[in-house]
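# Secondary and tertiary structure notes
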Amino acid sequence: MNLKASEHKSGHLVLPGERLGVIEEFIPDSGTYVRDGVIYSKIVGRALMDLLSKRVSVYPLINAETVPKISSTVIGQVGHAQSDNVLVRIFKLGDRSLSGVFTGVLHVSDVRERYVKSMTEVCKTGDILRAKVISDKNQVYHLSTNDKNLGVVYAFCTRCANLLELKRYEMQCPNCGNIEKRKTALDYGQGEI
Ligand SMILES: [Zn+2]
């Protein structure tokens, strides 16, 4: 059996509709389809021809898991802050660091169940927060912190930039004594970033 024609493609970039082999030589696996006995790639990705199991599959170039989706939990740093919304630079999706830059928006109406007057009592520029993606319209990730596990996980004193400590109803700076307000997650100050 001559596998040379197929072999050279293993690990290589393939495009949708690209011929990968024939069913006489391979068993079509994920990311492929068969027409008239010929196996084609269904997606843009890397072809993997396993000569031992005789399986051919295509792995997506961009793993869908590394791009935030609706209901993804993300971690980001608060950037520009206004009274009714803040921008969040998303750098983590679940437990995984992201290589790309994704920007999220947290609006004051999505902070918690009850009415929140201003974002100044929710988070400040530089804080690290955990949020859930509730919409990705126009490639803008709209975030929500409306859950006890969501909210600020690390907050920094606006006077001296020291890490704030969570007290019963407020945040306190152990360095300068400054008192501030945040919408914190249940595990404030405990998680790894
Ligand atoms: Zn301070």
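Criteria and thresholds
- Residues numbered from 1 in each chain as written.
- Predicted model: local features only at pLDDT ≥ 70, side-chain atom pairs only at ≥ 80, totals over all residues.
- Heavy atoms only, no water.
- Helix = DSSP H or I, 4+ residues; strand = E, 2+ residues; numbered from the N terminus.
- Rg over C-alpha atoms; globule rule 2.2 N^0.38 Å.
- Buried < 20%, exposed > 50% of the residue type's maximum accessible area, 1.4 Å probe, protein only.
- Contact = heavy atoms within 4.5 Å.
- Areas by Shrake-Rupley, 256 points an atom, 1.4 Å probe, with all protein chains shown as cover.
- Lys, Arg positive; Asp, Glu negative; His and termini not counted.
- Charge placed at Lys NZ, Arg CZ, Asp CG, Glu CD.
- Donors = N, O, S within 2.8 Å, 3.2 Å for Na, K, Ca; no water.
- Tetrahedral: all angles 85-135°; square planar, octahedral: opposite > 155°, others 65-115°.
- Pairing = 2+ DSSP bridges.
- Polar contact = N/O pair within 3.5 Å; in protein donor to acceptor, adjacent residues only side chain to side chain.

## Observations concerning the overall build of the protein
- Looking only at helices and strands, one finds one helix and 16 strands in the protein.
- Against the compact-globule benchmark of 16 Å for 193 residues, the protein has a radius of gyration of 24 Å, which places it well outside the compact range.
- Expressed as a percentage of the 193 residues in the protein, the buried residues total 39%.
- For the protein, the share of sequence-separated contacts (at least 6 apart) that also reach a separation of at least 24 residues comes to 51%.
- For the protein, the accessible area works out to roughly 11,400 Å², and carbon and sulfur atoms hold 50% of it.
- Computed over 26 positive and 21 negative side-chain charges, the inter-centroid distance for the protein is 4 Å.

## Looking at the coordination of the zinc ion
- Within the protein, the zinc ion binds to Cys 157 (SG), Cys 160 (SG), Cys 173 (SG) and Cys 176 (SG); these donor distances fall in the range 2.3 Å.
- Around the zinc ion, the four donor atoms are arranged such that angles at the metal cover 98 to 122 degrees; this shape is classified as tetrahedral.

## What to know about the pairing of strand S5 (residues 38–41)
- On S5, burial covers both faces: Val 38 and Tyr 40 on one face and Ile 39 and Ser 41 on the other are all buried.
- Sheet topology places strand S2 (residues 19–22) next to S5; three bridges connect them, and they run antiparallel. Bridge pairing links Gly 21 to Ile 39 in S5.
- Pairing analysis gives four bridges linking strand S4 (residues 32–35) to S5, with the strands arranged antiparallel.

## Topic: the environment of Lys 69
- Relative to the helices and strands, Lys 69 is located in the loop between strand S7 (55–60) and strand S8 (73–81).
- In sequence terms Lys 69 and Val 140 are 71 residues apart; their C-alpha atoms lie 11 Å from each other.

## Some points on the side chain of Ser 72
- By secondary structure assignment, the location of Ser 72 is in the loop between S7 and S8.
- Looking at Ser 72, its side chain comes within polar contact range of the main-chain nitrogen of Lys 69, at 2.8 Å.
- In contact with Ser 72, not counting residues within four places along its chain, are Leu 93, Ala 131, Lys 132 and Val 133.

## Things to note about the sheet that holds strand S14 (residues 165–166)
- Pairing in this open sheet of three strands is antiparallel, and the strands run S14-S15-S16 from one edge to the other. Edge strands, defined here as strands with exactly one partner in the open sheet, are S14 and strand S16 (179–180).
- Where S14 meets strand S15 (residues 171–172), two bridges bridge the pair, whose relative direction is antiparallel. Directly across from Glu 165, in S15, lies its bridge partner Gln 172.

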